[in-house]
There are 2 protein chains.
Amino acid sequence: MSFEHLRARRAGIDTYQQPVVYMRGDCPVCRAEGFEAQAQVEVIANGRHLLAILNHVSSDWLGSDEIALSEVAWTLLGAAAGDEVEVRHPPVLASLAHLRAKVHGSRLGYSALRELMEDVSRGRLSDIHLACLVTVCAGGGLDLDETVALTRAMVDVGERIDWGTSPVMDKHCIGGLPGNRTTLLVVPIVAACGVLMPKTSSRAITSAAGTADAMETLAPVELDLVALRRVVAREGGCIAWGGATRISPADDMLIRVERPLSLESEGLLVASILSKKAATGSQRVLIDLPVGPLTKVRSTAAAELLSHSLVTVGAALGLQVRTVFTDGTQPVGRGIGPALEAMDVMAVLKRSADAPEDLRERALLLAGLLLEMAGKTALGSGQALAREVLEDGRALAKFLAICEAQGGLRVPPRAAHTEDVIAHACGTVSAIDTRLISRAAKLAGAPRDPAAGARMHVRARDHVELGQPLFTLHAGSPGALQYALRFLRSQLPVVQIEALP
Amino acid sequence: MSFEHLRARRAGIDTYQQPVVYMRGDCPVCRAEGFEAQAQVEVIANGRHLLAILNHVSSDWLGSDEIALSEVAWTLLGAAAGDEVEVRHPPVLASLAHLRAKVHGSRLGYSALRELMEDVSRGRLSDIHLACLVTVCAGGGLDLDETVALTRAMVDVGERIDWGTSPVMDKHCIGGLPGNRTTLLVVPIVAACGVLMPKTSSRAITSAAGTADAMETLAPVELDLVALRRVVAREGGCIAWGGATRISPADDMLIRVERPLSLESEGLLVASILSKKAATGSQRVLIDLPVGPLTKVRSTAAAELLSHSLVTVGAALGLQVRTVFTDGTQPVGRGIGPALEAMDVMAVLKRSADAPEDLRERALLLAGLLLEMAGKTALGSGQALAREVLEDGRALAKFLAICEAQGGLRVPPRAAHTEDVIAHACGTVSAIDTRLISRAAKLAGAPRDPAAGARMHVRARDHVELGQPLFTLHAGSPGALQYALRFLRSQLPVVQIEALP
């Protein structure tokens, strides 16, 4: 309960989603309140309230009557330089009592989880609280009922889209496979058959390219809700970035601590996926589970378990969920990186001779299943219909129309600097390390540099000759290119070659 | 694996024990490595390695070839301005695999917990990891075997003192009761009987005064191991600050996240207390458990459970632990705050007429039990012996000798500004809010200002007249005094008075 005020100042420090404020440890407010470094405080400006972590400043860049705000704190408070800021002890959050109850073994119902997600989505929980929450949810921490309640709660604290029609189709891939850019093919095929598929996708989080990143090299993707509705009304489908809307906001907060902890929580994963689907108004969802040693789902057994939760929780939320297990052992298509993946997509849509067959077949499989789920065609005949729509050019036409509606077709950029990585032996490709090649693509600049990444020339079981190019690195600068190459030289080979006997 | 170097700079930002580094998001290293804000990075300078959280700086106070370090990062790296600093992706910590295993339900043995505590004590776990650890240990998260292994691990990763003799006595109070400053009386009484009692205490964490804070107003307490040994060799006892040594360093790291989470973990509490006792070479430990509605231990039943763990785990570590349950419903003595508490202690030692009887009797109870545990006297006669030693002045003489040995007796400071808080009704004192009075003492400046705090004039069940002083606030400035008074006016009364029928 401070009655003193401080003057706001922008620290220009990005603390991601954790709001941080900087005050002199010897300022009147800290001394009077006994605020310690790393304490959580309530910050009030312009009638807005925010919970932030306090850092003490000892050097002279900050005055005793000033408070500096990290970027997220600055934005959330809508602060301007010199604004009067009040700092208090934080209010007691009821949701933390629920969290403690969960830690001590109670099961949480909807209302408790709703309060919790409300505070999470408003950024009231510090990283420490979020880590506690993710920990209690990890492993089998959430049973199916709790997962259902959590998913509902995540939906209910955010915006929700209603398309006022049925069926509304959607697809999702539980990530980890470079080049798996099927969405850009599935949406136009399905929409071309007159089935509604308003797809919102994410940008890359840890990968070399997200669906939104790849699409952005072909058309604008940052559409607000109004633009989104206009595109979908006109073309029956879209491929937009989901982040522009406030859909399942709690999810983004949880992800920021899930990654550093790298704790697998099936309950959180299911709630994260399905809350976004339900909130975007999807009704029938096909989920692609690539199974491979380096993907999120390592075995068919694990895929079966996850599939069961997805279908069950989906049903409880009124979503018809279907899963399909796919090969996750090597990259899909040739390109890895936004523009390079977009070029693969265009090659398939244009039926070019060199279009990557595996990407095409994966897309046709998924599009076929979606058409069957939509009741557009008999079970078993969906893939044939999808192929027909691709072959006769309707898919390409629909894709171009969607790009137009989203703001106009673009030509994907090409990298100024490339270098081949060649085979140092002759033999058969026994394995391709999907993690290493993604890492190399990122070091070359992807996804920040949309033209950067890698282009594969070989696939598993291919025969290669000594000196044959295995893949080509693409980068915007010689430095970035050398950097990625230097990294690769320090690692095991991306492409493993088994010498012939 | 960055090969670029950055120039070190001191940010002058106190992030408590969480090392933080500041780099421009657009600097070559961040771009090449794809370091995101809030990512954990390995920082290398002067051959020292450190794991820190990265914050991106967008404003111009930092150059693209610079890296700014928070205070703890600066200290741990022993950095100087302009030092070459390398930043890498963090190494994989084996201990995090143990942590994840625990989250997924496995029980951890000594070697896993040892690795974990090693990394914790070296500051390699981020607040997020520590929050995960505290969460899995909360409630019944640790069974007795794990608690024993954890306690051993916490001892083994830090320094350890061996006094080369027996018995070595110690006491501990599981805090939360203002004015409970018995240690300053118990140590001289026990030592005066020729029983070794080398006491290291903590400073206040959340209270208005810690034992070390109160003692410091009477004598220096920041003794290194050498000084500590010298004092103990000469006087058979000491009352020093434990923080000057590297005793159970993991414990301090865990406390920093336990507080914001306010999760009760009996296992962690027991490991925290007993690891420090074992590491300081104590052999027989008496633990005071004040039971009251606002103390850590709320009921006798809870005290019984905690007592059982303390005794069992202690035995497994070769410690003879005994507990005593005491009244935790109101402050002890009169003073609340370092100097005011020290004055109570001196009054008891000097047998002044106005010496607080409750403080004296608590001290005699504990000292008596310790003398019995040490085998100095028959069971049941310890308290009488303690009283004799206090009455005949040997306790005072020993205390003065200890102060001399620690660097010389000091006169506790007196606050320049005081104000009485008076009764607004006549009747009987029905309750005293120990939390509110501590808070008021802190707002008045304690413990930073050792003279600040509160002095109680009434106790529960006293009769009070209208306008009679209930307690006096002491502060170093009119501002601090008014601040504490303003706070009190905004709250329920500290001293509740029941009007007579």
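Throughout, a residue's number is its position along its own chain's written sequence, starting from 1. Starting at A for chains and at 1 for ligands, labels are handed out in the order in which the entities are written. Local features in a predicted model are, by the rule used here, given only for residues with pLDDT of at least 70; side-chain atom pairs are given and counted only at 80 or more, and totals for whole chains, interfaces and linings are based on all residues. Hydrogens are left out, water is left out, and the side-chain values use all remaining heavy atoms of the structure.

Trainee: Run through the overall build of chain A, naming residues and quoting values.
Mentor: Strands are runs of DSSP state E lasting at least two residues, helices are runs of H or I lasting at least four, and both sets are numbered from the N terminus onward. Along its length, chain A carries 18 helices and 19 strands. A radius of gyration in this sense is built from C-alpha atoms; the matching globule rule multiplies 2.2 Å by the number of residues raised to 0.38. For chain A, the C-alpha radius of gyration of 25 Å lies close to 23 Å, the compact-globule estimate for 501 residues. Principal-axis analysis of the C-alpha atoms gives chain A an extent of 75 × 50 × 45 Å. Note on definitions: a residue-residue contact is assigned when non-hydrogen atoms from the two residues lie within 4.5 Å. Long-range contacts, defined here as pairs at least 24 residues apart, represent 79% of the contacts in chain A between residues at least 6 apart. When the accessible surface of chain A is summed, it comes to about 18,700 Å², and 53% of that surface belongs to carbon and sulfur atoms. Only four residue types enter the charge count, namely Lys and Arg as positive and Asp and Glu as negative; His and the chain termini do not. Every charge is mapped to an atom, namely NZ of Lys, CZ of Arg, CG of Asp or CD of Glu. A gap of 3 Å separates the mean positions of the 51 positive and 55 negative side-chain charges of chain A. The method behind every accessible area is Shrake-Rupley, applied with a 1.4 Å probe, and residues are considered shielded solely by the protein chains displayed.

Trainee: Mind laying out the sheet that holds strand β16 (residues 453-456) of chain B, listing which residues take part and the relevant values?
Mentor: Residue and element names in this part refer to chain B. Two strands pair if DSSP finds at least two bridges between them. Ordered in space as β13-β16-β18-β14, the four strands form an open sheet in which the pairing is antiparallel. Pairing within the sheet leaves two strands with one partner each, and these edge strands are β13 (335-336) and β14 (417-422). Sheet topology note: the β13/β16 ladder contains two bridges and is antiparallel. Directly across from isoleucine 336, in β16, lies its bridge partner alanine 454.

Trainee: Mind laying out the relation of the copies chain B and chain A, listing which residues take part and the relevant values?
Mentor: Here the copies are superposed with least squares, the fitted atoms being C-alpha atoms of residues at a pLDDT of at least 70 in both. Superposition of chain B onto chain A requires a rotation of 180° combined with a translation of 0.0 Å along the rotation axis, giving an RMSD of 0.1 Å. Both copies of the chain, as the preceding transformation shows, are related through a two-fold rotation axis. When the interface residues of chain B are mapped onto chain A, 100% of them again lie at the interface, so the same face is used by both copies.

Trainee: Explain the packing of helix α4 (residues 110-121) of chain A against helix α6 (residues 144-156) of chain A to me, using residue names and the numbers behind them.
Mentor: Residues and elements named next belong to chain A. Their axes nearest at 8 Å, the elements α4 and α6 cross at an angle of 45°. The orientation of α4 with respect to α6, classified from their angle, is oblique. Note on packing geometry: the crossing formed by α4 with α6 is right-handed. From α4, Tyr110, Leu113, Arg114 and Met117 reach across to α6, where they touch Glu146, Ala149, Leu150, Arg152, Ala153, Met154 and Asp156. Just so you know the grouping, Ala, Val, Leu, Ile, Met, Phe, Trp, Tyr, Cys and Pro go in nonpolar, Asp, Glu, Lys and Arg go in charged, and all remaining residues, Gly too, go in polar. Of the residues in the contact of α4 with α6, the class split is seven nonpolar, no polar and four charged. For every element, the axis is a line fit to its C-alpha atoms; helices are fit only across the contacting stretch, and the angle between N-to-C directions ranges from 0 to 180 degrees. Convention used here: angles under 35 degrees read as roughly parallel, angles over 145 as roughly antiparallel, angles from 65 to 115 as roughly perpendicular, and any remaining angle as oblique. Each crossing is labelled by how the near helix is turned from the far one, with a counterclockwise turn of less than a right angle marking it left-handed and a clockwise turn marking it right-handed.

Trainee: Got a sec to walk through the pattern of salt bridges? Specific residues and values, please.
Mentor: Residue and element names in this part refer to chain A. Whenever Lys or Arg places a side-chain nitrogen within 4 Å of a carboxyl oxygen from Asp or Glu, that contact is recorded as a salt bridge. According to the stated counting rule, one finds 51 salt bridges over all chains in the structure shown. Note that arginine 107 and aspartate 143 form a salt bridge whose closest N and O atoms lie 2.5 Å from each other. Taken together, the residues arginine 107 in the loop between α3 (94-103) and α4 and aspartate 143 in the loop between α5 (127-137) and α6 connect sequence positions 36 residues apart. Buried means the residue's accessible area, taken with a 1.4 Å probe over protein chains only, is under 20% of the maximum for its type, while exposed means over 50%, and partly exposed covers the values in between. The class for aspartate 143 is partly exposed, based on a relative accessible area of 28%. Residues joined by salt bridges that share partners form a network here, namely Arg203, Asp213, Glu216 and Glu222.

Trainee: Tell me about the nonpolar core, and name the residues and values.
Mentor: Residues enter a nonpolar core if they are buried and are Ala, Val, Leu, Ile, Met, Phe, Trp, Tyr or Cys, with the set joined through side-chain atoms within 4.5 Å. Membership of the largest hydrophobic core comes to 70 residues, with the highest contact counts inside it found for Met117 of chain A together with Met117 of chain B. Here methionine 117 of chain A is in contact with Leu133, Leu150, Ala153, Met154, Val157, Ala250 and Leu254 of chain A, once residues within four sequence places are set aside.

Trainee: Tell me what's going on with the pairing of strand β12 (residues 320-327) of chain B, and back it up with residues and numbers.
Mentor: All names here are of chain B. Across eight bridges, strand β11 (residues 284-291) lies against β12 in parallel orientation. Within the sheet, the bridge partner assigned to arginine 284 lies in β12 and is glutamine 320. A crossover counts as right-handed when, viewed with the strands pointing away from the observer, the path leading from the first strand over the helix to the second turns clockwise. Read from β11 through helix α12 (residues 300-316) to β12, the crossover connection turns out right-handed.

Trainee: Break down helix α7 (residues 183-192) of chain A for me, citing the residues and quoting the values.
Mentor: All names here are of chain A. Of all 10 residues in α7, nine are buried; the element is thus mostly enclosed. Of the positions making up α7, those classed as buried are Thr183, Leu184, Leu185, Val186, Val187, Pro188, Ile189, Val190 and Ala191. A positive phi of about 80° marks glycine 194, the residue just after α7.

Trainee: Give me the confidence of the model for chain A: which residues, what numbers.
Mentor: Per-residue confidence for chain A gives a mean pLDDT of 93; residues scoring 70 or more make up 99%. Here the predicted complex carries an ipTM of 0.84, next to a pTM of 0.87. The quantity called pLDDT is the predictor's confidence in a given residue, expressed from 0 to 100.

Trainee: Tell me about the state of the cysteines, and please be specific about residues and values.
Mentor: Two cysteine sulfurs form a disulfide in these notes if their separation is within 2.5 Å. Within the structure shown, the criterion is met by zero disulfides over all chains. With no disulfide partner, cysteine 403 of chain A has as its closest neighbouring cysteine sulfur the one in cysteine 238 of chain A, 11 Å distant. Cysteine 27 of chain B forms no disulfide, and the closest cysteine sulfur to it belongs to cysteine 30 of chain B, at a distance of 3.7 Å.

Trainee: Give a description of the packing of aromatic side chains that names residues and reports values.
Mentor: Here the aromatic set is Phe, Tyr and Trp, taking the six-membered ring for Trp, and pairing holds for ring centres within 6.5 Å; pairs whose planes are under 30 degrees apart are stacked, those over 60 apart are edge-to-face, and all others are tilted. Under the criterion given, the structure shown has three aromatic pairs over all chains. When the ring of tyrosine 22 of chain A is compared with that of tryptophan 61 of chain A, the centres are 6.3 Å apart and the planes differ by 55°; the resulting orientation is tilted. With tyrosine 22 of chain A in strand β3 (residues 20-24) and tryptophan 61 of chain A in the loop between β5 (48-57) and β6 (66-69), this residue pair connects regions lying 39 residues apart in the sequence. Given a relative accessible area of 0%, tyrosine 22 of chain A falls into the buried group. Each ring, one from tryptophan 61 of chain A and one from tryptophan 61 of chain B, has its centre 6.2 Å from the other, and the planes form 10°; the classification is stacked. You can see tryptophan 61 of chain A sitting in the loop between β5 and β6 and its partner tryptophan 61 of chain B sitting in the loop between β5 (48-57) and β6 (66-69), one on each of two chains. Counting every residue linked through ring pairs, the aromatic cluster contains Tyr22 and Trp61 of chain A together with Tyr22 and Trp61 of chain B. Geometry around tryptophan 241 of chain A places arginine 203 of chain A over its ring, the cationic atom sitting 4.9 Å from the centre. Above the plane of the ring of tryptophan 163 of chain A lies arginine 229 of chain A, whose end atom (NZ or CZ) is 5.4 Å from the centre. Lysine and arginine charges are scored as sitting over a ring when NZ or CZ, respectively, is within 6 Å of the ring centre and within 35 degrees of the ring normal.

Trainee: Which residues make up the sheet that holds strand β17 (residues 463-464) of chain B, and what are the values?
Mentor: Residues and elements named next belong to chain B. The three strands are arranged β17-β15-β19 in an open sheet whose pairing can be described as antiparallel. This sheet does not close on itself; its edge strands, each paired only once, are β17 and β19 (495-499). Both strand β15 (residues 427-432) and β17 contribute to a ladder of two bridges, which runs antiparallel. Pairing of glycine 427 across the sheet is with valine 464, part of β17.

Trainee: Residues and numbers for the domain arrangement of chain A, please.
Mentor: As assigned here, chain A comprises domain 1 (5-88), domain 2 (95-156), domain 3 (169-244 + 265-405) and domain 4 (417-499). Just the C-alpha atoms count here: the centres of domain 1 of chain A and domain 4 of chain A sit 46 Å apart. Note that domain bounds follow an automatic or database assignment of domains.

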